[in-house]
Amino acid sequence: MRSLATMAVLGMCLLVVRCAQQSPEPASPPATALSPEQAANARRTIVAWLECEECTEGQLEAVTRLGPVAVPTLAVTLRQGPPPANRELHRAHLVDTYRQLKDYEKQHPQNKVTMSEDEYVRFYTANQTALYQIRAARALATIGGADARRALQEALQLPLRDDVKATVRDSLQKLPAF
Amino acid sequence: MVRHRIISALLLAGCPLFLTSPASAQRQIGPGAIYLRGSLCIELVDPFNPVKIPRVPVGCEVIDCCPGCPGPGPLVWELQVSGDAVEALMLRFENLPADRAQAISIRGNAKWIDRSTLRVGKGKTVLTGIPGDLKERAAIAEPRLVLDKAAISRMQLATYDALPTRPMSLSKSGLGEVDFSIEQRLGQIPVREFRGFVTWEKCELGGSGGASEDWIRLQNMTTDRATVLLDGRRNTGCVDDEVNRAQPDSGLGNVLSAASCNSEVVVLSQNRAMQLLTPVTTWTDQPTDTQFVNMTPVIQAPVTLWLVAPQTQAQANNDVVRANQFYNAMQCGIGLGPVTVNNAANNPNAQNLLNSTCANAANLNNQIGFTQNQLNVYYVNAAGGSRGWSCGNNTIIVAASIADNETLSHELGHALSLGHTNNVVGMPATNVMVTGGTNRNSITTGQCFRCNANSNSALNANGNRTGSTRACPDATTSAACPSLILDVLPK
């Protein structure tokens, strides 16, 4: 009888440990339940955070309110940065701007741009990529959960820029402990 | 005379387009849409030149398209083109592989006119199989509005037939409008939107009037076509911010003595400072008056750059040149100069201030350096996750590692009294004061006015500009404050 009770207690303990191992943090629910309108609004909310200048208008809080449903988008943004369409639009803008600057330089020689067009485009493109990745990491930290943690941990294995990696490490430290 | 004016208008080569954004052009559009909104001045439209519209990238706005989306794939484009004096929207695609273009299915009023250009007629058109999943370089569409030449000519003739009394008896707006949109969808889910809404306006075009006319004559001008905002009295009553262009003169028709009307002239131009003449007492009831305006060099705002983060000199230089070129091209009449550069990376305090927000502004000022009565810009590595800050007290911070090429221009706008425009109805998404975005290339005439005239602009606070000042918050439109969205193109 006593051994039966002991076995029952041991069984309960094993069950608890197993459950804890399986889901120490809540996983992201599938986002497939979003209506097209909800999905579009969620996308706009995420873009507003990824691109804001000072971000003083509640952009991060809005993404955080989206909760785990935003995690897959943020995780892939952390890995890859902006989508190809945004990169191409930005590249075209930088090329246009550089050429305007060189025209301006002809009339105002004291305003000399020292970078080549290629350097100019590469420099600001790299900043845009880092911006998206840093913002994604910070949002993952505030949303939290197992999937967010995994995305941040996996990002540390990627060849990211040093400042992006530093943000990822910082974000991991800020994740609430479970 | 009428014929001469029409020919003059049509000979304004290049981009003879003149956009304003009056309140009449306001219309609610979908949230988050990238859009163009404004009013085209009919007198300056060349019906043979399609109207250029900002580029539209092909593909999703976030990398997996949306929360819950299956990821990038072929897209559906739903296009709507409607309105007056427009025949079609022409889309010229770059980076679109020929085989993918051929696979696009068209339902509605559109056809390919060559391998990369699609002509989309009025009405609703649905394109399916748009390649939103190109791995290397995404395709990008350059839209143009193809005008209905006969309709444009009819509107132009109607405008000029109103001479010689000059147009003031006619409504400035209401000639017509054009509405177009491109919604990119993955299945049923919108993944990127573009909206455009413009109205055809009758604007005042000066410069070739007869002797019996009042005039603005600009002295010491360049070849730029200046923008002249006129407050005064016409035979129809008071006018506020009536737009004219001067190169270097502008015939105004008959501006009457002011009586109880506000009477002033504002002139904005490239390579010259904004001129604000108030009150103007030149005008009499006779059409024989001339107001001379002495145009002066661009107002220079001295700036000290503090390079706290290492290897930021080339970037800071780029950004200053961009700000100078941008505020000049937009006719704001403002520049940064002289520029003093201090390499502060070896400052013993620099290491602790590499990630600084406005909370650290006093430390930056005290420990890195600060020049009184001028703008001080600190290039740090990071700025608390923001791209930049304008902290007041002549202190601007730029996060060198994530700033874009317009971050300094944006923060300078704050220092010159401007706020964000994301929620300002009628403001294009490309405005430099949008928080965010990566393709900011415009600032309105109403914003340029505030940068110069507002007493809380750094130009006035630092004594770079002399002359009368105003208190025109972004949201205030009055006889003293032009609408923030008032805009005139080309600059």
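Above this text sits the structure in question.
Described in the following lines is the structure provided in the data block. If you're wondering where the values come from, they're calculated on a predicted model, not measured in any experiment. (Residues numbered from 1 in each chain as written. Chains lettered and ligands numbered in written order. Predicted model: local features only at pLDDT ≥ 70, side-chain atom pairs only at ≥ 80, totals over all residues.)

Residues and elements named next belong to chain B. Where burial is concerned, most of helix α7 (residues 445–453) is hidden: 9 out of the 9 residues are buried. Along α7, the residues classified as buried are Thr445, Gly446, Gln447, Cys448, Phe449, Arg450, Cys451, Asn452 and Ala453. In this fold, the buried residues of α7 make contact with β15 (226–234), β18 (264–269), β19 (272–277), β22 (334–343) and α8 (458–461). (Buried ≥ 20, exposed ≤ 12 C-beta atoms within 10 Å, placed from the backbone. Helix = DSSP H or I, 4+ residues; strand = E, 2+ residues; numbered from the N terminus. Contact = placed C-beta atoms within 7 Å.)

A common way to express how large an interface is: the accessible area buried when the components associate. Chain B puts 51 residues into the contact, and the matching count from chain A is 55 residues. Breaking the side of chain B that touches chain A down by element, the ones donating at least two residues are β13 (189–201), α4 (313–329), β24 (388–390) and α6 (407–415) of chain B. Residue classes in the side of chain B that touches chain A are distributed as 21 nonpolar, 23 polar and 7 charged. (Nonpolar A, V, L, I, M, F, W, Y, C, P; charged D, E, K, R; others polar.)

Residue and element names in this part refer to chain B. Put simply, Gln247 and Pro248 share a cis peptide bond, and its omega is -5°. Following the sequence through the fold, Pro248 ends up in the loop between β16 (237–246) and β17 (249–253). Looking along the chain, the bond that leaves Gly337 and enters Pro338 is cis, with omega of -5°. Along the chain, Pro338 turns up in strand β22. Positioned with a positive phi, Cys65 is a non-glycine residue whose angle comes to about 80°. Within the element layout of this structure, Cys65 appears in the loop between β4 (56–57) and β5 (75–83). Although it is not a glycine, Asn271 adopts a positive phi angle of roughly 65°. Inspection of the secondary structure assignment puts Asn271 in the loop between β18 and β19.

Counting 179 residues, the largest nonpolar core has A:Ala70, A:Leu140, B:Val267, B:Val308, B:Val377, B:Tyr379 and B:Val380 as the members making the most contacts within it. Sort the elements by how many residues they give to this core and helix α6 (residues 117–143) of chain A lands first, with 12 residues. Contacts of B:Val380, omitting those with residues within four sequence positions, involve B:Val308, B:Ala309, B:Leu353, B:Leu354, B:Asn355, B:Ser356, B:Ile397, B:Ala399 and B:Ala400. (Core = buried A, V, L, I, M, F, W, Y, C linked by C-beta atoms within 7 Å.)

With that settled, the discussion passes to the sheet that holds strand β25 (residues 395–399) of chain B. Residues and elements named next belong to chain B. The strand order β22-β21-β23-β25-β24 describes an open sheet built from 5 strands, whose pairing is mixed. The open sheet terminates on both sides in strands that have one partner only, identified here as β22 and β24. When the angles between neighbouring strand axes are averaged without regard to direction, this sheet yields 20°. In the sheet, strand β21 (residues 299–307) pairs with β22 via 8 bridges, with the strands oriented parallel. (Pairing = 2+ DSSP bridges. Axes fitted to C-alpha atoms, helices over the stretch in contact; angles between N-to-C directions.)

These figures capture arrangement, not role.
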